[in-house]
Structures are given as C-alpha cells and as structure tokens.
Amino acid sequence: MKFVDEFRDPRLIKQASDEIRRLVDPSRHYRIMEVCGGHTHAIYRFALADLLPPNIELVHGPGCPVCVLPMGRIDEGLSLVERHQVIFTTFGDVMRVPGRHGSPLEHQARGAQIRMVYSPLDALKLAQEHPDRQVVFFAIGFETTAPSTALTVRRARELGISNFSVFSNHVTIVPAIRAILDSPDMRLDAFIGPGHVSTVIGARPYGFIAQDYRKPVVIAGFEPVDLLQSIVMILRQLRDGRSVVENQYNRTVPWDGNLPALRALADVFELRPYFEWRGLGFISQSALKLRPEYAMWDAEARFEVPGIAVTDPKAAQCGEVLKGVLKPHQCKLFARECTPELPVGALMVSSEGACAAYFNYVHRRAGAAAS
Amino acid sequence: MATLTVPGTPTFRDAQIDMAHGAGGKASRRLVEGLIVPHLMPKAIGETLNDAAYLSAGGTGLALTTDSFVVRPLRFPGGSIGDLAVNGTVNDLAVAGAAPLALLCSLIIEAGMPTEILKAEVAAMGAAAERAGVRIVGGDTKVVEHGKADGLYIATTGIGHVDSRATLSARSVRPGDRILVTGCIGDHGITVLLARGDIDLAASLKSDTRSVYPFANALIEDVGPDLRWMRDPTRGGVATTLNELARDCELGIILEEEAVPVRDEVRGACELLGLDPLHIANEGQLVAIVSADASEKALAALRRVPGGESAAIVGRLEPSPRRTVIAVASYGGTRVVDMLVGDPLPRIC
C-alpha cells in the first residue's frame, strides 16, 4: 500500500463514475458543496468534473484558511515587524497573500525579517536561536493545524521561552458551515465533509447538518477514488431520502476525532466571541484565541495590535465565490485584474483557493482550446 | 484572457524586484524580456531566447553562455555550489548543441568565509571540470563585506564548439514529435529544499548535478537531424521548460503523467508539501524533442549513456491546444501544467 496509487486506480475510478451515472436522477439537479479547499484543488487537479454527469454541480466551500482571512489580519501581523521589530514566521501558504502594502514575500524582499516555517516548532526553535529577538508565529488554519500551535505554546511554557508568541488566526469549521446553511441564497443538497479537519474533530460534530438541516454529509479523502466514492455515498442517501453523516475517509478519520489533539486545543485555546471571515462576515464563536493563562505567548496580548480594518477591493467578489454563490469565472476581476501572478484576493493565491484552482486547471485549458 | 494566449513581448511594470523575479518562472521571463532585452539586445525583442548565444569565428561555430550560482546551503547531498557552477554552464552549452571547450569563473566571496570551505568549493569545481572534460582557463575574485553575500556566489562563462550536425530550433519542432527525459526529475530541488533544514523531513535523496553533454552528444551522434530541440530543466522544472517550448513552437504538449520518471521519495515529499515534481529544479537532466520515427533509437542512445538507465519517452507534440502543456493521467483525467509562478512554496494549512 502506498495510499496514493491505489486511490488513483483507473479501474476503480471508472467503476465509481459508472455507479454515479447509474444513481443520478436525470430530471434532478444536484448541488453538492465540498467544504474543504484541499478537495476543491483535487477536483480541479484530477479533472473530476469530466467524470461526472452534467446535472451534478460541485459548489466550492469556505475551507481554505488563507482565503477566508480578512486582509486586515495580514496587515496587523506585518505591522508587528515594523512597530516592534519582531521576526515574523508563518506557513508557506501565507507568504503570497496580498496585504495592503504587499504580501509577506514582498515585505521580505524589502528586507523585513520574515521567515517561512514548516511547523510552529521551527518558529520556536528560531526564538531559542535568537534570544535577543521577539519571534511571532502567524498561526493559520482550521482544527487541522491548531493542535500543533497549541502543543508549541505548551512547549514554550515548559521550556520557559519568553521571546516567542503566537498571532492566532485559527478558525473552526462548524460555525462556517452553519453560516452557509443559514445563508438565504444557499440551496445545497449535500456536503462532502472536510478530510484533514476531521482527522482532528472526527465525524460527530457534523451531526446537526444531517439532523437539523436534513442534508447528507460524507467525509472524504483527497484522491480521485475517494471523492467519487463519496459522491456515490451521497447519491445513495439522496435516492433513499436519508440524511446521515458517513465517513468515506475512515483510513484516517476516527469517528470521535483525535482526543489528545482535542485536549491540547481545549487546554490552550478558547473561542473568540466573534471573528471576521472574508466573504462570510462576522461569525460568532468561530475562531480561537489563546486562553488568559497563556497570555504571555499571545502576540495580541503582548503587543499593541492596531486593529486594522481593510475592506476587500470593491470589484472583487471573493465573498460570493467563497459562499458558492458565484463560480470563480463569474467574478468581474477573474483572469483580468486578478491572476495567480498578480492576485487581488487570496482565493487566487492559495493552491486551495477556488479561483487559483479554476484558473490553473480550467480557465487555461478553455483559453488554449479557443485559440 | 487575450494576454494569456497571445504571445508577444511582456512589458515590465513591477515597482521592485522580488524573489519571484529570480525563480525562473513567469516573473523571470517578464524581467528578461520586458526590461533587459529591450535595453541590451533591442534587435532580439520578440525572438526566441536560447540557453547560449551563437557566434561564428573564422568559419567555426561557437556557443557562448554565462550563468551565476546562488545556493543555500553551499553543500548538499550529491553536490555543492562548485559542482553546480561548472555543470550548469557546461549543460547550457550542451543543450545548445555545442561541445564545451573552456570556462571562465568569477568568485564573489563573503569576508569571514573559512578558507577550508572555499578550498573545498574550488576543488569541487576542478573535479567537476575534469569529469565534464572542460578546462577552466581564467577568472576573477572579489571579496565583499561580511553579511553581503551568502558565503559564496559563483559566476561561470563557457564557450563551446557547435556541432555542425545539430540543427536545434523550437521552430523545427513538429506535431507528432516525442518528448524524452534522461532520468528521474525533481531530485535536485527536493534535496536542496530538505538540506536547508527548514523542513523537518528526511529522505535518502541526492542532487542529480552532472554534465549532460554525454546525453546531448549521444543524441546528436545517433539521430542527428531528427533531434529538434534540447533544454536542461533547471529552475522552474520540466513544466517551465516545456511551457517555453510550447510558446516558442506554438504547438500543444501532451505529457503522459505516469511515464515521467519520479523517485518515490520526491513524489512523497511533493505530495506532502503540495508541490508538483514538474515544477522542481533539476541540475543533471535533459529534455529532448525527437521525431516520432527516431524516438526509440534516441531512447536507446540515452539509456546506453552511464546514468541514463531510467531515461523515458514522456509525451508528444500535438497541433492543439496551442501553446499549452497538458498532463494526462492514466484514468484519462487531464490538467493544464502551467509555468511556475514565483518560488515553489510548501503548503501546510
């Protein structure tokens, strides 16, 4: 088992796509949301839409952490470099996200102390190597990456490292899904549940989608066979008039989640009363901040953070795309002012962003075919 | 949409130079074609740029090329900056259809560099030159203040004798021609990424840095005029090299994803980091375009060269989609393979 090749097996892919064709009701239009940006990327990368009947529409959800981050947070994080001469560390995903005065990568080129790290522990190591400097880790991600931040903060406390702190932008997936379900312009039939987030939170938290909103949820892996199989499972539920949470990604996702990771989250973080999401607006209880007992490692408590509110460029329709109301190419800026090279919104930056995925894998193909 | 599909000279409007301008992808192309060429080589605006310039002296065809080398760390499994500085320039001559004759080298050294390290790099250059069968005939040395250079920068300039049997040009590429690579791709880029120590992954990988002249020569010897075009896919990887070709020959390129040789370690690291092996740098591979009829003979020629055992035919040229590289997976799914935008950044969250 390599856990990749088997899930790209042409024979299994064909079987699953044949089964989908057998299951669809031709008189019906299906709108299925893949919540996770990793799924969006995989759907485009593997051209899975080519394998689906035309009446199955995949709607891209909000599960791309850098896409939902308001530009003001990037500016606030970068302001710490200018105002407090900190060393700013973050994941590669954030490096190209535009702030008001450029992305972290552009700030770095101008000489700012900005380092890309692969793990928050690397940021902590940097703090140990530079005891005379403050090192800030610009933390981002859903429950997927939040446990590693939590464990790093605990490690900092154990080692008594005082020149390290976290600027937390961690968000939680369930309130975002609820916001989408409650949105008046949303008509969805089912959800492909996020894969990586669920390795931490498990399948249980999605129960309300099936029970209260009567929509099927199938947690899926990231390979072609995973995604097609999850669509088969969704279509069977819809055919039978059922709505339950099912776990296609059970080789990785335990039903109850990862308990040590959840305990670390509960120990280090608490819910913010509200947090702003790009496109979705303010959502209550949707983001994580460090608990007061960890205030020493909380960059927002240690440093004065200006509270920069930056509205997205007016013409950009990132919000509508994030909610699945518009397809990427329906945005007025798509492929004109906004391209992966000169992005206006973060959805065009991250490989998990719907716009970047659509641009790279669909738009260019269409452009090439037309020329 | 028009700006994407109509070839032409890009203009350089960026307010400052960022790291992406040096990463070998689209931004690098904009800088070279939009700012440097118009000032230094105005007659070459809109023309295809090669890895080497062709000159003629007394009836002898010569190829001239230069390259500079900036790498952190200076040493990595399988090689060092000294190896790259020799092999990189030798390879630019080789893919231009030239037998490397001589190199000049410039060293820019940061004050404070331990002599032992400098000695090791100079020795590495000497050994690489000997392996590649090229003489280093002169050079220059500068020392800059501590903190002004990453230890050592090396620039090398090479001259080679153009093989009159080689008729290489993107314009000679035809639909139906085959794409060959000399071996596993992505080894160098992933090795250096891991050797930097920023990413806590271990893999038994080493850089593929080597002279590709034996491969280029074998192709010229064995298939002669059926060899249309060659490149060494360094920064930006095979994807960038093939996109440049697609643009220059105005044809479509179809890659058979499964046929591209990639080591499990490289594929695993790429899966984990959200990178595409096609975007990762190589320092000892060759991408060659050969007519369909001669492709098996060319493959045999590459495989006979020591170190060419895993050479493969990985795709073909098609009339459409023009100026586009498409990768086809075994189950029939297709994706557009674009040039790299900026440096490859690992994905985590």
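Counting starts from 1 at the beginning of each chain's written sequence and moves along it residue by residue. Here the convention is simple: chains get letters from A, ligands get numbers from 1, in the order in which they are written. Given that the model is predicted, a residue must reach a pLDDT of at least 70 before its local features are reported, and side-chain atom pairs must reach 80 or more before they are shown or counted; all residues, however, enter totals for whole chains, interfaces and linings.

Caption draft 1: Molecular detail of the overall build of chain B. Counting its secondary structure elements, chain B contains 9 helices and 14 strands. What the globule rule says is 2.2 Å times the number of residues to the power 0.38, and the radius of gyration is computed from C-alpha atoms. Computed over its C-alpha atoms, the radius of gyration of chain B comes to 20 Å, within 12% of the 20 Å expected for a compact globule of 349 residues. For the C-alpha atoms alone, the extent of chain B along its principal axes is close to 60 × 55 × 45 Å. In chain B, buried positions account for 48% of the 349 residues. For chain B, long-range pairs separated by at least 24 residues make up 83% of all intrachain contacts whose partners lie at least 6 apart in sequence. Segments assigned H or I by DSSP are reported as helices when at least four residues long, segments assigned E as strands when at least two residues long, and all are numbered from the N terminus. Partly exposed residues are those whose C-beta has more than 12 but fewer than 20 other C-beta atoms within 10 Å; 20 or more makes a residue buried and 12 or fewer makes it exposed, with C-beta atoms placed from the backbone. Any pair of residues counts as being in contact when their C-beta atoms, constructed from backbone geometry, are within 7 Å of one another.

Caption draft 2: Structural context of the domain arrangement of chain A. Residues and elements named next belong to chain A. Structurally, chain A comprises domain 1 (1-40 + 48-311) and domain 2 (318-364). The straight-line distance from the C-alpha centre of domain 1 to that of domain 2 is 18 Å. Listed per partner, the contact involves 24 residues of domain 1 and 15 residues of domain 2. Counting residues per element, the ones that place at least two in the side of domain 1 that touches domain 2 are α2 (37-45) and β2 (56-63). By residue number, the principal contributor to the side of domain 1 that touches domain 2 is β2, which donates 4 residues. Split into classes, the residues belonging to the side of domain 1 that touches domain 2 amount to 13 nonpolar, 7 polar and 4 charged. In this document the domain limits rely on a domain assignment from an automatic tool or a database. Three classes are used: nonpolar for Ala, Val, Leu, Ile, Met, Phe, Trp, Tyr, Cys and Pro, charged for Asp, Glu, Lys and Arg, and polar for all others, with Gly counted as polar.

Caption draft 3: Focus on the interface of chain A and chain B. Facing 40 residues of chain A, the contacting portion of chain B comprises 32 residues. At the level of elements, α1 (10-23), α4 (92-95), α5 (104-109), β5 (135-141) and α15 (354-370) of chain A are the ones that each hand at least two residues to the side of chain A that touches chain B. Examining the composition of the side of chain A that touches chain B, we find that 7 residues originate from one element, α15(A), more than from any other. Looking at the side of chain A that touches chain B, its residues break down into 20 nonpolar, 9 polar and 11 charged.

Caption draft 4: Expanded view of the packing of helix α7 (residues 146-159) of chain A against helix α12 (residues 259-268) of chain A. Residues and elements named next belong to chain A. The geometry of α7 relative to α12 is characterised by a closest axis approach of 9 Å and an angle of 60 degrees between their N-to-C directions. It follows that α7 is oblique to α12 by the angle criterion. When the axes of α7 and α12 are compared, the crossing they make is left-handed. Between α7, through A146, P147, A150, L151, V153 and R154, and α12, the contact on the second element is made entirely by A261, A264, L265, D267 and V268. Every axis corresponds to a line fitted to the C-alpha atoms, with the helix fit spanning only the stretch in contact, and the corresponding angles, defined between N-to-C directions, vary from 0 to 180 degrees. By the definition adopted for this analysis, an angle is roughly parallel if under 35 degrees, roughly antiparallel if over 145, roughly perpendicular if from 65 to 115, and oblique otherwise. What makes a crossing left-handed is the near helix being turned counterclockwise from the far one by less than a right angle; a clockwise turn instead makes it right-handed.

Caption draft 5: The arrangement of the sheet that holds strand β6 (residues 135-144) of chain B in detail. Residues and elements named next belong to chain B. One requirement defines pairing of two strands: DSSP has to find at least two bridges between them. The strand order across the open sheet formed by 5 strands is β1-β2-β7-β5-β6, and the pairing between neighbours is mixed. Strands with a single pairing partner mark the edges of an open sheet, and in this sheet they are β1 (53-57) and β6. Geometrically, the sheet is characterised by an average inter-axis angle of 20 degrees between neighbouring strands, direction not taken into account. Its contacts with the sheet put helix α3 (residues 81-95) on β2 (60-69), β5 (98-110) and β7 (152-162), and the angle it makes with β7 is roughly 30 degrees.

Caption draft 6: View of the domain arrangement of chain B. All names here are of chain B. Under the domain assignment used here, chain B contains domain 1 (1-47), domain 2 (52-162) and domain 3 (170-336). Its C-alpha centre places domain 1 at a distance of 24 Å from the equivalent point of domain 3. Taken together, the contact pairs 5 residues of domain 1 with 6 residues of domain 3. Considering only residue class, the side of domain 1 that touches domain 3 consists of 2 nonpolar, 3 polar and no charged.

Caption draft 7: Spotlight on α1(A). All names here are of chain A. Its 14 residues place the ends of α1 20 Å apart at the C-alpha level, agreeing with the 20 Å of an ideal helix rising 1.5 Å per residue. For α1, the set of buried residues is I13, A16 and S17. On an axial view of α1, the arc spanned by its buried residues comes to 95 degrees, and they lie on one face. Turned more than 90 degrees from where α1 packs its buried face, R11 and R22 sit exposed. An expected span of 1.5 Å times one less than the residue number is assigned to each helix. Relevant arc is that of directions from the helix axis to the C-beta atoms, nothing else.

Caption draft 8: Broad picture of the nonpolar core. Residues A:L347, B:A216, B:L219, B:I253, B:A288 and B:A298 are the most contacted members of the largest nonpolar core, which totals 212 residues. Once residues within four sequence positions are removed from consideration, B:I253 is found in contact with B:I179, B:L242, B:L245, B:A246, B:G315, B:L317, B:V325 and B:I326. By convention in this section, buried Ala, Val, Leu, Ile, Met, Phe, Trp, Tyr and Cys residues joined through C-beta atoms within 7 Å make up a nonpolar core.

Caption draft 9: Main features of the confidence of the model for chain B. When pLDDT is averaged across chain B, the result is 91; 97% of the residues are at 70 or more. Low confidence marks residues 1-7 of chain B, where pLDDT is under 50. Its contacts with residues over four positions away, or in another chain, come to 10 contacts. In predicted models, pLDDT denotes the confidence assigned by the predictor to each residue on a 0 to 100 scale.

Caption draft 10: Spotlight on the pairing of strand β11 (residues 287-290) of chain B. Residues and elements named next belong to chain B. Neither face of β11 is exposed, since V287 and I289 on one face and A288 and V290 on the opposite face are all buried. Two strands pair when backbone bridges link them, and strand β8 (residues 178-181) and β11 are joined in this way by 4 bridges, in the antiparallel orientation. Along β11, the bridge assignment pairs I179 with I289.

Caption draft 11: View of the sheet that holds strand β13 (residues 324-328) of chain B. All names here are of chain B. The sheet built from 7 strands is open, its strands ordered β9-β11-β8-β12-β10-β13-β14 with mixed pairing. Bordering the open sheet on either side are β9 (227-231) and β14 (334-336), each of which pairs with just one other strand. Averaged over all pairs of adjacent strands, the angle between their axes in this sheet comes to 25 degrees, without regard to strand direction. Where β13 and β14 come together, 3 bridges link them in antiparallel fashion. By the bridge assignment, V328 is partnered in β14 with T334.

Caption draft 12: Highlighting the environment of A:I74. Residues and elements named next belong to chain A. Considering the arrangement of structural elements, one finds I74 in helix α3 (residues 71-84). With 20 residues separating them along the chain, I74 and V94 place their C-alpha atoms 8.6 Å apart. Once you skip the residues sitting within four places of it in the chain, I74 turns out to touch L69, V97 and G99.

Caption draft 13: Quick look at the environment of A:P70. Residues and elements named next belong to chain A. Along the chain, P70 falls in the loop between β2 and α3. Since 21 C-beta atoms lie within 10 Å of it, P70 is described here as buried. The sequence separation of P70 and G345 amounts to 275 residues, and the corresponding C-alpha distance is 9.7 Å.

Caption draft 14: Expanded view of the environment of A:R100. Residue and element names in this part refer to chain A. Tracing the backbone shows R100 in the loop between α4 and α5. Residue R100 is classed as exposed on the basis of its C-beta count, with 11 C-beta atoms lying within 10 Å. Here the alpha-carbon distance between R100 and I74, two residues 26 residues apart in the chain, equals 8.4 Å.

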